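Fold and geometry: a report
In case you want the letters, here they are:
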Amino acid sequence: MRFTSTSRGARLARRLAAVRLDAWGIPYGTEAHDAIVLIVAELTANAVRHGHVPGRDFHLGLHATSDGGTVRVEVTDTRTERLPRGLSVPEGAARAEEETGRGLLLVSQLATRWDWHARPDGPGKTVWAEYAFPSRRRL
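Residues numbered from 1 in each chain as written. Predicted model: local features only at pLDDT ≥ 70, side-chain atom pairs only at ≥ 80, totals over all residues. Heavy atoms only, no water.

1. Things to note about the sheet that holds strand E3 (residues 70-77)
Strand pairs in the sheet, formed through backbone hydrogen bonds, run parallel or antiparallel to each other. Within the open sheet, the 5 strands sit side by side as E1-E2-E3-E5-E4. Their pairing is antiparallel. Looking along the sheet, the strands with just one partner apiece sit at the ends: strand E1 (2-3) and strand E4 (113-118). As paired elements, E4 and strand E5 (residues 125-132) share 6 bridges and run antiparallel to each other. Residue pairing in the sheet places His117 in a bridge with Thr126 of E5. This element, helix H2 (residues 31-50), spans strand E2 (58-64), E3 and E5 of the sheet and lies at about 10 degrees to E3. (Pairing = 2+ DSSP bridges. Helix = DSSP H or I, 4+ residues; strand = E, 2+ residues; numbered from the N terminus. Contact = heavy atoms within 4.5 Å. Axes fitted to C-alpha atoms, helices over the stretch in contact; angles between N-to-C directions.)

Have a look at this one:
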């Protein structure tokens with residue numbers, strides 16, 4: 001789905017992802033639902049804050065494997081020069097009293113794995129994260 005690159009767009013993406021997860025059998029209030037929605041929230045907020053290009057939207061993809069064992073979140077923006085940093089927080093990047101700067105660190109703790117790749121069909125990048133369920137089928 002495509003959303004405006006604004007805080008309102010990020011909020012709508014998070015809400016629609018929550019509804020979709022519930023429809024897939026990952027109910028509101030469960031650990032998996034809350035973790036995946038938080039991943040969506042962090043990645044879409046980053047797309048708005050760090051990937052915003054005036055007049056361009058961001059895209060959200062939410063995919064489940066056929067066996068229901070993994071949900072993949074993909075957020076694509078059109079900014080090429082601002083790339084995600086690695087898993088560690090550089091010294092001074094996010095002090096304890098600051099309220100920002102920990103988004104990808106949080107994603108790395110919630111997701112089974114995450115990474116990014118250049119957007120194949122135009123300028124920008126896609127940041128993705130996968131949430132794998134414990135051995136039992138969930139979808």
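The discussion continues.
2. Observations regarding the packing of H2 against helix H3 (residues 103-110)
Two elements in contact, H2 and H3, have axes separated by 10 Å at closest approach and are oriented at 155 degrees. Taken together, the axis directions place H2 and H3 in an arrangement best described as roughly antiparallel. For H2 against H3, the interelement crossing comes out left-handed. Contacts between H2 and H3 involve Ala35, Leu38, Ile39, Glu42, Leu43 and Asn46 from the former and Gly103, Leu104, Leu106, Val107 and Leu110 from the latter. Per-class residue counts for the contact of H2 with H3 are 8 nonpolar, 2 polar and 1 charged. (Parallel < 35°, antiparallel > 145°, perpendicular 65-115°, else oblique. Left-handed = near helix turned anticlockwise from the far one by under 90°. Nonpolar A, V, L, I, M, F, W, Y, C, P; charged D, E, K, R; others polar.)

3. Thoughts on the confidence of the model for the protein
The predicted model of the protein has a mean per-residue pLDDT of 87, with 84% of residues at 70 or higher. Under a pLDDT of 50 for its full length, residues 87-98 has, in the predicted model, 13 contacts with residues more than four places off or in other chains. (pLDDT = per-residue confidence, 0-100.)

4. Considering the side chain of Ser108
Take Ser108: it is sitting in helix H3. Polar contacts involving the side chain of Ser108 include one to the main-chain carbonyl oxygen of Leu105, which spans 2.6 Å. (Polar contact = N/O pair within 3.5 Å; in protein donor to acceptor, adjacent residues only side chain to side chain.)

5. Notes on the pattern of salt bridges
Tallied over the entire structure, the rule returns 6 salt bridges. Between Glu130 and Arg113 there is a salt bridge, with its nearest N and O atoms 2.7 Å apart. Separated by 17 residues along the polypeptide, Glu130 in strand E5 and Arg113 in strand E4 bring together distant segments of the chain. Judged by relative accessible area, Glu130 falls into the buried class, the value being 13%. The exposure class assigned to Arg113 is partly exposed, which follows from its relative accessible area of 46%. In the salt-bridge network here, residues are joined through shared partners; they are Arg72, Glu74, Arg113 and Glu130. (Salt bridge = Lys/Arg side-chain N within 4 Å of Asp/Glu carboxyl O. Buried < 20%, exposed > 50% of the residue type's maximum accessible area, 1.4 Å probe, protein only.)

6. Digging into the nonpolar core
By size, the foremost hydrophobic cluster in this structure holds 30 residues, and its most contacted members are Ile36, Leu43, Leu60, Leu62 and Val73. Secondary structure elements with two or more residues in this core: helix H1 (7-23), H2, E2, E3, H3 and E5. If one sorts the elements of this core by residue count, H2 sits on top with 9 residues. For Leu60, the contacting residues outside a window of four places in its chain are Met1, Phe3, Ala13, Ala17, Val40, Val73, Glu74 and Val75. (Core = buried A, V, L, I, M, F, W, Y, C linked by side-chain atoms within 4.5 Å.)

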